[in-house]
Structure formats: structure tokens, C-alpha cells
Amino acid sequence: MYTKITDTIYYIGVNDHDIDLFEGQYVVPNGMAYNSYVIKDEKTAVMDTVDIRKSEEWLANLDEVLQGKAPDYLVVTHLEPDHAGSIKIFRDKYPDTALVMTMKAKSMIPQFFGDEIVTNCRGVVEGETLELGAHTLTFVTAPMVHWPEVMVAYDNRDKVLFAADAFGKFGALDAQEDWTCEARRYYFNIVGKYGAQVQALLKKAADLDIQIICPLHGPILSENLGFYIDKYNTWSSYTPEDDGVLIAVASIYGNTMKAAKKLAEILTEKGAKKVVVTDLARDDMAEALEDAFRYDKVVFAASSYDGGVFPFMEEFLHHLKAKNYQKRKVALVENGSWGPTAAKTMKAIIEQMKEIEIIEPVVTIKSTMKDDTIESFEVLADSLLK
Ligand code: FEO
């Protein structure tokens, strides 16, 4: 099945509700969409393929649009297998269709499909164009958003930006869900490390008159584009989006969690706009990471373990560091029954991040929360909300 985006641009992407983990690690309760498009003009261009998991359905959609005509071009904006996975199947079916991709992609594609695939493959550079008739595509490179070979394509006729992974989200297109939440979780977990490169792409895009954004995941955006562009600007500049506190907890027997919930109560009483408590062992860590970037303040609360910190917290901090977590105010709460070591271990990782203010003093709980813990929380809450 296909849908029309404009009189000559068609959506031929597919939903994937069978996938357990996207990119081998992210839970996607509402599935995933792999988007692909066709531009019908004097020349016909297919814009990206889909994950090989759904190639049959995608080829059927493509057939419906092409009505027996072979396409002239397959434009590959991104080589990651969730989009490029069906290129070989496509090439077998349409051996005379030219592939169009960046020079970098052309150098990488044999790694996936062998040397044969670069036969009839055009490598393009920044600003190069592809004439289709009434439509002209202009290619704009977007290195590290979020692979090195990425480009986006701008169609001057319908003012469409084919945006590769930018402006994408988790979730199939038939899922009834808010854009921002799953777009934010997608952004920080997948593209988060590359804020500077996203900023560079936004600057290039600012020169274009864009009416429609066609991303490789998530819905086609055609209204209120300023909203989405503003979100991307906030996220990629590592600016906190909301005033609030995430309390990320790694608790062994529940005593650290009980204390964290008390701290949440105190923060709320003292006027915190929003307080979110997450259990790093049981809740989705990708969502915890999203919230750490979303809010301007985070409390890391963890049990000590094996002379270090309970592993779920260590994993979480390493994820944050890998995604370039920065520009936030944080506080540390540790628990230990004999020699507490969690705070020292957490601090050693956090100190490797940029522009993180660590509130002192650290709160140390000895096994279970007591009156002195609550007094320390009062002080910590005041410092955090100051
Ligand atoms: Fe949607 Fe980077 O692949």
C-alpha cells in the first residue's frame, strides 16, 4: 500500500510490529517505521530502501506505484541496514537503475553487498544536484547524523526535505502516540553524541524553504515545522528542555529506592516543577537517558557494590558519557552498609563529562534511611533547586 504526499511524491514505507529490539538494543513497544519514498517525474527516483525484514512488503508497495516502469534512480541517503538492507534485493530486481549516494557511502557500500554493487553507482558531493524533470534534488551532506556517509536531499519543486534519520522517532506510523516523547528518546539514544553535527545540519537547512520533512522513521511532518526544528535545536545544543529533576536509582534491596522516593517528596514540597523517579534495573534505561537530557537536574542514587557502584548505575553513567551528557546540575546519593564506595565511583565517571556541576555534600545512607538522611535531603534539595 502507498500514500501520496504530494501529486508526485509517494510514501512506500513499512511498519514493523514484530521487531523486539531496534538497533539490537532499544525496546519499541509501538514498533518501528522504515520510511521510503518515490518521486515520479520524467525520471523516477526511489528514496532509500527498508530493513530487509520488510523487503517483500516494501517491494509490493513500490510495484504498485511504479506500475511496471523501472525506476531510474535509487537515492541512498544512509547506509545503516534499517534503510539500506534491501538494496541488494532491489538491484537484483532492477539491475539498470543507478544508485546515487555520497562518495563516502560509495566507498562503504561494498562492505555490505560486495564490490559488484558499485557498478552503475554515482557518488555525489555537497551541493550536487539530480535532475528528474520538474523536480531537482539537491544533496546536502550530513556527516555523523549519525553515520559518516549520510546526506539529506532537498526537492526544490515541492519544497521537501528528505531528512535521513533526522526528525525520526521510534514507533510505527499506525501507533497513536505523541511525537515528542518517542522522538526525544530516539534522538538522545541514537544521535545524542553528535549534537555539533546536528547543529551544522540545522544551519544548512535554515537556508532552504522547507514545507515538508520526510524522515526515514516516524511521520511525515508538514505542519508547524518550527516546533520540530526548535526541538532539534534545543536537543542538539544540549540545552535542558524542561525545569525538573530526574532521580535515577540503582537499589539492591529497595532501601535506596525508599530514600529516593522520600527525596522526591521533599523536592516536590520545596517547589520542584517536575520530579521523575526511575529504577535503572527495571525501567527502560533509554527512557531514563532521555529524561536526564530533558531535565536540567539529576540525582544519581545508588547502592555501593563490590568496592564500586551497583552495576545498573555504572552502565547508566557510561551511556550518558557516551552520548556527550553535559551542562547539567547533579547530586549524588550513595548507600553502603560498611565502606560506602558508590559516590566515589559515580563521581569519577561524571567528572569526565563537560560542564557538570556536582552539588556538595554527597548524601551517604548507612543501610537504611534515618532522620539524619532526611535532614541531609532537605539541604540537598535546597541546593539543587537554588
Ligand atoms: Fe535509521 Fe541510522 O538508521
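Everything discussed here concerns the structure shown above.
Figured I'd write up the structure that's included with this text. If you're wondering where the values come from, they're calculated on a predicted model, not measured in any experiment. (Residues numbered from 1 in each chain as written. Predicted model: local features only at pLDDT ≥ 70, side-chain atom pairs only at ≥ 80, totals over all residues. Heavy atoms only, no water.)

1. Structural notes on the pattern of salt bridges
Stage number 1. Following the criterion strictly, the structure yields 24 salt bridges and no others.
Stage number 2. For E241, the salt bridge goes to R184, with nearest N and O atoms at 2.7 Å. Within this pair, whereas E241 is found in the loop between α7 (225-236) and β17 (242-250), its partner R184 is found in helix α5 (residues 179-191), the two being separated by 57 residues in sequence. Taken as a pair, E241 and R184 share a single burial class, namely buried.
Stage number 3. Via salt bridges that share partners, R184, K231, E241 and E290 belong to a single interconnected network. (Salt bridge = Lys/Arg side-chain N within 4 Å of Asp/Glu carboxyl O. Helix = DSSP H or I, 4+ residues; strand = E, 2+ residues; numbered from the N terminus. Buried < 20%, exposed > 50% of the residue type's maximum accessible area, 1.4 Å probe, protein only.)

2. Describing the packing of aromatic side chains
Stage number 1. In this structure the tally under the stated criterion is 26 aromatic pairs.
Stage number 2. For the pair Y232 and W235, a centre-to-centre distance of 5.6 Å together with 50 degrees between the ring planes defines the contact as tilted. Residue Y232 and its partner W235 are both found in helix α7; the two are separated by 3 residues, about one turn of the helix. The two residues Y232 and W235 agree in class, both being buried. (Phe/Tyr/Trp six-rings, centres within 6.5 Å; stacked < 30°, edge-to-face > 60°.)

3. Looking at the sheet that holds strand β13 (residues 136-141)
Stage number 1. What the 5 strands build is an open sheet, ordered β12-β13-β14-β15-β16; its pairing is mixed. Of all strands in the sheet, those with a lone pairing partner are β12 (129-131) and β16 (212-214), marking the two edges. For this sheet the average axis-to-axis angle between neighbouring strands, irrespective of direction, equals 20 degrees.
Stage number 2. One ladder, built from 3 bridges, connects strand β15 (residues 160-162) with β16; its direction is parallel. Bridged to V160 within β16 is I212. (Pairing = 2+ DSSP bridges. Axes fitted to C-alpha atoms, helices over the stretch in contact; angles between N-to-C directions.)

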